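Given next are the chains, with one letter for each unit.
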Amino acid sequence: MRGSSRAAAAGSRDAFTGALAATGSRSELAQELFGVVGVIDGNATLRRALADPSREGADKAALAERLFAGKVSAETLVVLRGVVGQRWSTERDLSDTLEAYGVETIIASAETTGREDRVEDELFHFERIVAANEPLRGALGDQTVPADKRAALVDSLLSGKVADETLALARQAVTAPRGRRFDRTVSSYLETASARREQQTATVTSAVPLTADDRERLAAGLSSIYGGRVHINTVVDPRVLGGVKVEIGDEVIDGTIMRKLDGARRAMGA
């Protein structure tokens, strides 16, 4: 986001946090926010009107209320008025922020039962499964297939096996990718989760699964290095042979045996 949109997101934050605290059903709030994003994305005239930087914020908020009052909860209207009343650099920034608030609402729901780590882990690993399975990736990403059928496929794969919040996010990523690939959509959701939890996320690749103790020690070590909480996502790849590769932000710490062998091969070739 450019400067004005960053300021707009910050300016809408109080409306969102107030609605999140007041709502009696966070799942309902999330689904209504996602629904509003769908309506805005699907109507170019409305999208331009709500994001028009030359229009007064109060006027845009009133327009949103006229269109959505009686169709969504009072809490959703509070969030919507707070968002559209700001000055956005682009139309996409407005709808992206509404979507992020929907994702954050689901993460907040998971926090009430202590399942936030589980949701992040499950969503990350589902994306990896999809990435490794070309037919599945094609089936979930085929926009010519009705959204309800793609959602049913996600249900058949995940229902009863993951947290309700994970299932809700996976369904949303498949049915409303908003022009993005599935992996990019999930990545944006995970970034939203990390931002809410004020943490960084590290992807750790190893030859064998890490134990819980391994993950805890690694997370503690990375937290001390990067000065804040670090959540660990794990990838098992037998090709690395041994050691681990850690990717966090733009940095890569590659301590795998495969990298050392590659270095030896290059040295011998030289």
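Residues numbered from 1 in each chain as written. Predicted model: local features only at pLDDT ≥ 70, side-chain atom pairs only at ≥ 80, totals over all residues. Heavy atoms only, no water.

1. Concerning the nonpolar core
We apply this condition: The definition of a nonpolar core used throughout is a set of buried Ala, Val, Leu, Ile, Met, Phe, Trp, Tyr and Cys residues joined through side-chain atoms within 4.5 Å. Buried residues are those whose accessible area, probed at 1.4 Å on protein chains only, stays under 20% of the maximum for their type, while exposed residues exceed 50% and partly exposed ones sit between those limits. Here, two residues are considered to be in contact whenever any of their heavy atoms come within 4.5 Å of each other.
Core analysis: the biggest nonpolar cluster contains 29 residues, and Ile40, Leu50, Val79, Leu80, Leu94 and Leu98 have the highest contact counts within it. Leave out the neighbours within four places in its chain, and Val79 touches Ala15, Phe16, Ala19, Leu33, Leu98 and Tyr101. In terms of nonpolar packing, the next biggest core, distinct from the first, is built from 28 residues, Ala30, Val154, Val162 and Ala193 among them.

2. Here's the deal with the pattern of salt bridges
Going by this rule: A pair is scored as a salt bridge if a Lys or Arg side-chain nitrogen falls within 4 Å of a carboxyl oxygen belonging to Asp or Glu. Put simply, DSSP H or I for four residues or longer makes a helix, DSSP E for two residues or longer makes a strand, and each gets a number counted from the N terminus.
Taken as a whole, this structure holds 20 salt bridges when the rule is applied. Arg178 is the partner of Glu99 in a salt bridge, and the nearest nitrogen-oxygen pair spans 3.3 Å. One end of the pair, Glu99, is in helix H6 (residues 91-111); the other, Arg178, is in the loop between helix H10 (164-175) and helix H11 (182-196), and 79 residues separate them in sequence.

3. What about the sheet that holds strand E1 (residues 200-206)?
Here is the rule: Between any two strands, at least two bridges found by DSSP are needed for them to pair. For helices, the axis comes from a line fit to the C-alpha atoms of the stretch in contact; other axes are also lines fit to C-alpha atoms, and the angle between any two N-to-C directions lies between 0 and 180 degrees.
Here we have four strands laid out as an open sheet, ordered E2-E1-E3-E4, and mixed in their pairing. Across the chains shown, the open sheet's two edge strands, defined by having one partner strand only, are strand E2 (230-236) and strand E4 (251-254). For this sheet, the mean inter-axis angle between neighbouring strands, taken without regard to orientation, is 20 degrees. By the bridge criterion, five bridges tie E1 to strand E3 (residues 244-248) in an arrangement that is antiparallel. Residue pairing in the sheet places Thr205 in a bridge with Lys245 of E3. Those strands touched by helix H7 (residues 116-132) are E1 and E2, and its axis lies near 30 degrees from that of E2. Here helix H12 (residues 212-226) sits on the sheet and contacts E1, E2, E3 and E4; the angle it forms with E2, its principal contact strand, is near 130 degrees.

4. Side note on the packing of aromatic side chains
The criterion, for reference: The aromatic pairing rule takes the rings of Phe, Tyr and Trp, using the six-membered ring of Trp, and pairs them if the centres are within 6.5 Å, calling planes under 30 degrees apart stacked, those over 60 edge-to-face and the rest tilted.
In this structure the tally under the stated criterion is two aromatic pairs. For the ring pair Phe16 and Tyr101, a centre distance of 4.3 Å and an interplane angle of 5 degrees mean the geometry is stacked. In this pair, Phe16 sits in helix H1 (residues 3-22) while Tyr101 sits in helix H6, placing the two residues 85 residues apart along the sequence. Summarising the burial analysis for this pair, Phe16 and Tyr101 share the class buried.

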